[in-house]
Amino acid sequence: MFAAERRQLILEMVRANGAVSLRELARVVQTSEVTVRRDVRALEAEGLLDRRHGGAVLPGGFTRESGFPQKSHLATAEKTAIADVAASLVEEGEAIVVGAGTTTQELARRLARVPGLTVVTNSLLVAQALAHANRVEVVMTGGTLRGSNYALVGSGAEQSLQGLRVSRAFLSGSGLTAERGLSTSNMLSASVDRALVQAAAEVVVLADHTKLGTDTMFQTVPTDVITRLVTDEPPAHDERAASELQALADQGVQIAVAGTGQGGAPAGEQLPPGVRRRDVPLPVQRGGRIPTGQYRGPAPGMGADPMERTARVADLRRR
């Protein structure tokens with residue numbers, strides 16, 4: 001396929017879906033991700049699309065937010081792996097809040113197997129995923145339906161969360177940086193997410209590598225409020241994502257990396273098939289008790305020393 005044909009097909013895929021991962025583009029046009037990245041860069045220079053870490057989206061800058069159909073096609077394997085790891089954090093009988101998003105929807109599908117669980121959510125998709133779980137109680141906020149992501153927003157949603165206290169909040173968003181934390185492109189969604197955070201003792205952010213280093217209009221969770229980040233392994237070429245992980249770890253965020261390929265869990269850990277996890281060592285431990293078997297402490301020789309942490313992230317990049 002000639003370059004012009006490839007780029008036309010890439011453009012058609014992005015226009016049809018709103019957002020497409022480089023991996024998917026490379027599969028469809030039957031070439032390498034390196035070649036696809038070059039094509040995406042050329043199309044961006046012409047103003048026909050915008051690059052994102054690990055993918056391409058319709059142009060629009062900070063103010064544009066893709067709808068659910070578009071988001072559901074981006075980084076699907078990564079979201080599945082992230083949801084598997086996040087679900088392993090939830091214990092029987094807990095009360096949690098789960099925000100709106102395609103990644104949290106994947107999490108909800110796995111939470112249906114946790115007995116005695118109470119889930120508070122503003123997401124119709126999360127509630128739908130749990131609707132037939134006999135041992136899970138679902139509590140929905142009030143509010144006004146936002147059709148683009150099937151979430152309840154507005155003052156009704158925020159007021160229904162007042163006085164609520166749960167153990168954990170699981171949230172996603174449009175972008176995540178060490179400087180600003182989690183952010184989204186919609187003001188109403190950001191406001192409800194902040195209310196969800198206030199109801200939780202600790203905050204777990206679910207964000208695939210395409211969101212690392214991306215900054216959008218409205219901050220939802222400042223970095224110093226994020227207890228844990230569950231993400232996927234950035235591609236070897238994505239140094240910015242690996243650097244962002246290091247910066248987040250330096251600020252005390254606990255990080256679990258779920259792989260989408262084959263790999264084994266460390267001794268003593270039980271992970272779903274096909275999921276592997278490596279933790280970026282943290283300079284400090286924050287956010288209360290760490291569930292046994294879910295997060296490991298620094299490996300021998302990989303403690304709080306900055307040079308050792310840098311070497312650890314360099315190893316993550318090489319892999």
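Our structure is the block above this text.
Residues numbered from 1 in each chain as written. Predicted model: local features only at pLDDT ≥ 70, side-chain atom pairs only at ≥ 80, totals over all residues. Heavy atoms only, no water.

**A short note on the nonpolar core**
Nonpolar side chains in soluble globular proteins tend to end up buried together. Counting 30 residues, the largest nonpolar core has Leu 176, Val 205, Leu 229, Leu 248 and Ile 255 as its most contacted members. Secondary-structure elements contributing two or more residues to this core are β9 (166–171), α9 (187–198), β12 (200–206), α10 (239–250) and β15 (254–259). In terms of nonpolar packing, the next biggest core, distinct from the first, is built from 26 residues, Ile 82, Leu 107, Val 119 and Ala 258 among them. (Core = buried A, V, L, I, M, F, W, Y, C linked by side-chain atoms within 4.5 Å. Buried < 20%, exposed > 50% of the residue type's maximum accessible area, 1.4 Å probe, protein only. Helix = DSSP H or I, 4+ residues; strand = E, 2+ residues; numbered from the N terminus.)

**Considering the environment of Lys 79**
Along the chain, Lys 79 turns up in helix α5 (residues 76–87). Judged by its relative accessible area of 7%, Lys 79 falls in the buried class. Considered as a pair, Lys 79 and Asp 232 are 153 residues apart in the sequence and their alpha carbons are 7.9 Å apart.

**A short note on the pairing of β12**
The buried fraction of β12 amounts to 6 of the 7 residues, a majority that puts the element mostly inside the structure. With 5 bridges joining them, β9 and β12 adopt parallel strand pairing. Bridging from a neighbouring strand, Arg 168 pairs with Glu 202 of β12. In the sheet, β12 pairs with strand β14 (residues 228–232) via 3 bridges, with the strands oriented parallel. Note on β14: the bridge partner recorded for Leu 206 is Val 230. (Pairing = 2+ DSSP bridges.)

**Re the sheet that holds strand β3 (residues 55–57)**
Strand order in the open sheet made by the 3 strands is β1-β3-β2, with antiparallel pairing throughout. Edge positions in the sheet fall to β1 (19–21) and β2 (50–52), since each of these pairs with one other strand and no more. Geometrically, the sheet is characterised by an average inter-axis angle of 25° between neighbouring strands, direction not taken into account. As defined by bridge partners, β1 adjoins β3 across 3 bridges and the pair is classed as antiparallel. Across the sheet, the residue bridging to Ser 21 is Gly 55, located in β3. Docked against the sheet, helix α2 (residues 22–29) engages β1 and β3, running at close to 75° with respect to β1. (Axes fitted to C-alpha atoms, helices over the stretch in contact; angles between N-to-C directions. Contact = heavy atoms within 4.5 Å.)

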